[in-house]
Amino acid sequence: MTSKLRASSLILFAIGLPLGGCFVSFQDYPLATGGSSGTNVVTANAGDSSSAGSTRGGSDSGGGDQGGSSVDGGTEQGGTAGSSAGGAGGVDTASIDLIDDFEDGDAQLSLVGGRDGSWFITNDGHGQQTPLPNGPTLPSLLMPPRGMSTRAMHTTGSGFSVWGAALGVNFLSGMAPPPYDVSMYQGLTFALKLGKPTAVKPMRVAVSDYDTTYGCRTCGDHFGSSVNAGDEFTIIQLPFSSFKQLGFGTAPPSHAFDPKRTYTVYFSWTQNQTFDVWIDDLSFY
């Protein structure tokens with residue numbers, strides 16, 4: 001695997017939703033160890049029941065930069081199904097589909113497809129989460145490497161009693177960036193693994209669009225799916241066609257997921273969950 005382009009600067013943005021009282025933090029996480037080799041392939045559907053966090057927008061500042069969006073807890077009916085397949089870590093870093101392979105060790109996603117956003121951590125401020133506050137959200141070393149992959153994003157947390165916590169990545173940088181068009185893609189794919197077997201397996205993956213971010217009275221009920229992490233790295237495929245809202249948001253009655261106007265990918269957990277996951281090779285497909 002080759003290293004992706006390095007960012008010359010880190011700019012995180014605030015989604016700017018009309019929701020107050022949400023704590024947003026930007027975390028500085030030193031390189032650590034974890035992970036394992038081997039992959040399976042799992043495609044999400046709506047056939048099983050699992051619980052995971054829901055993303056809910058907000059704005060705040062941290063670590064000297066403006067950015068992030070907050071998260072509100074919730075449960076979702078969802079799950080995973082698919083067939084296993086062998087494989088090694090690593091994606092084509094020259095591909096326009098790549099969001100981030102984490103190999104350069106910085107907080108910015110891969111500079112392809114016109115994308116220049118960055119990773120961030122956001123939570124309700126009542127628990128403990130790594131990466132830690134007041135710095136960039138950095139990937140960690142995989143020990144041993146996952147095939148050709150040497151780094152992945154690792155986040156852990158517990159004790160959140162209000163709405164939970166999330167890891168997110170913005171497609172574009174800036175305080176009020178334009179929406180990003182993902183309509184040429186079918187969905188998201190990434191490698192996922194539990195950091196420890198006692199951590200909760202369900203995790204919600206969601207993408208914010210215009211109507212769940214701005215065109216709403218109760219915002220933040222982003223479209224997404226629930227997936228389950230396992231003890232070994234699994235390749236997850238989430239088609240946008242499987243994305244659903246949780247139901248707490250108020251948006252236009254005819255609203256459906258709008259892939260032409262998107263902003264952020266969220267990986268989130270509800271309140272009172274202990275989570276520990278590794279995420280690698282995030283990409284569109």
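Residue numbers run consecutively from 1 along every chain, following the written order of its sequence. The model is predicted, so local features are restricted to residues of pLDDT at least 70 and side-chain atom pairs to those at 80 or more, both for listing and for counting; the totals for chains, interfaces and linings are taken over all residues. Side-chain numbers here rest on the full set of heavy atoms in the structure, without hydrogens or water.

**Remarks on the overall build of the protein**
- Only DSSP runs of H or I reaching four residues or more are called helices, and only runs of E reaching two or more are called strands; each is numbered from the N terminus. Secondary structure assignment for the protein yields one helix and 19 strands.
- Each residue gets one of three labels from its accessible area relative to the maximum for its type: buried under 20%, exposed over 50%, partly exposed in between, using a 1.4 Å probe on protein chains only. For the protein, the residues scored as buried account for 56% of the 285 residues in total.
- For the protein, contacts bridging at least 24 residues in sequence account for 83% of all contacts bridging at least 6. Contacts are assigned to residue pairs that have any heavy atoms within 4.5 Å of one another.

**Some details on the nonpolar core**
- What makes a nonpolar core is a set of buried Ala, Val, Leu, Ile, Met, Phe, Trp, Tyr and Cys residues whose side-chain atoms join them at distances within 4.5 Å. Core analysis: the biggest nonpolar cluster contains 39 residues, and Phe 190, Met 203 and Phe 267 have the highest contact counts within it.
- If you list the elements that add at least two residues to this core, you get strand S9 (119-123), strand S13 (165-170), strand S14 (187-194), strand S15 (202-209), strand S16 (223-228), strand S17 (234-239), strand S18 (262-269) and strand S19 (275-284).
- It is S19 that provides the largest number of residues to this core, a total of five residues.
- Apart from residues no more than four positions distant in its own chain, Phe 190 is found in contact with Met 203, Val 205, Thr 234, Ile 235, Ile 236, Leu 238, Phe 267, Ile 279, Asp 280, Asp 281 and Leu 282.
- Formed by five residues, the second largest nonpolar core is a distinct cluster that contains Leu 142, Ala 152, Phe 233 and Trp 278.

**As for the side chain of Asp 221**
- Structurally, the position occupied by Asp 221 is in the loop between helix H1 (210-213) and S16.
- Positive charges come from Lys and Arg alone, negative charges from Asp and Glu alone, with His and the N- and C-terminal ends not counted. A pair is scored as a salt bridge if a Lys or Arg side-chain nitrogen falls within 4 Å of a carboxyl oxygen belonging to Asp or Glu. Lacking a salt bridge, the buried Asp 221 has Arg 204 as its closest oppositely charged neighbour, with an N-O distance of 4.7 Å.
- In terms of polar contacts, Asp 221 uses its side chain to reach the backbone amide nitrogen of Gly 249, at 3.0 Å. The definition of a polar contact used here is a pair of N or O atoms within 3.5 Å, where within protein one atom must be able to donate a hydrogen and the other to accept one, and adjacent residues in sequence count solely through side-chain atom pairs.

**Examining the confidence of the model for the protein**
- Per-residue confidence for the protein gives a mean pLDDT of 76; residues scoring 70 or more make up 65%.
- pLDDT: the predictor's confidence for each residue, scored from 0 to 100. In the model, residues 46-87 has pLDDT below 50 throughout and makes 164 contacts with residues more than four positions away in sequence or in other chains.

**Some points on unusual backbone geometry**
- The residue after Thr 130, namely Pro 131, is reached through a cis peptide bond having omega 5°.
- Locating Pro 131 in the fold gives a position in the loop between strand S10 (128-130) and strand S11 (140-146).
- In this model, Met 143 is joined to Pro 144 through a cis peptide bond whose omega is 0°.
- Within the secondary structure, Pro 144 sits in strand S11.
- At Phe 102, a residue that is not glycine, the phi angle is positive and equals roughly 70°.
- Relative to the assigned elements, Phe 102 resides in the loop between strand S8 (98-100) and S9.
- A residue is classified by how much of its surface remains accessible, and Phe 102, at 0% relative accessible area, is buried.
- Here the phi dihedral of Asn 272 falls at roughly 65°; this positive angle occurs in a residue that is not glycine.
- Examined against the element boundaries, Asn 272 turns out to sit in the loop between S18 and S19.
- Residue classification places Asn 272 among the exposed positions, given a relative accessible area of 63%.

**A look at the pattern of salt bridges**
- Within this structure, the stated rule accounts for three salt bridges.
- Asp 258 is the salt-bridge partner of Arg 261, the closest N and O atoms lying 2.8 Å from each other.
- Residue class for Arg 261 comes out partly exposed when judged on its relative accessible area of 31%.
- Residue class for Asp 258 comes out buried when judged on its relative accessible area of 18%.
- The network of salt bridges with shared partners includes Arg 146, Asp 280 and Asp 281.

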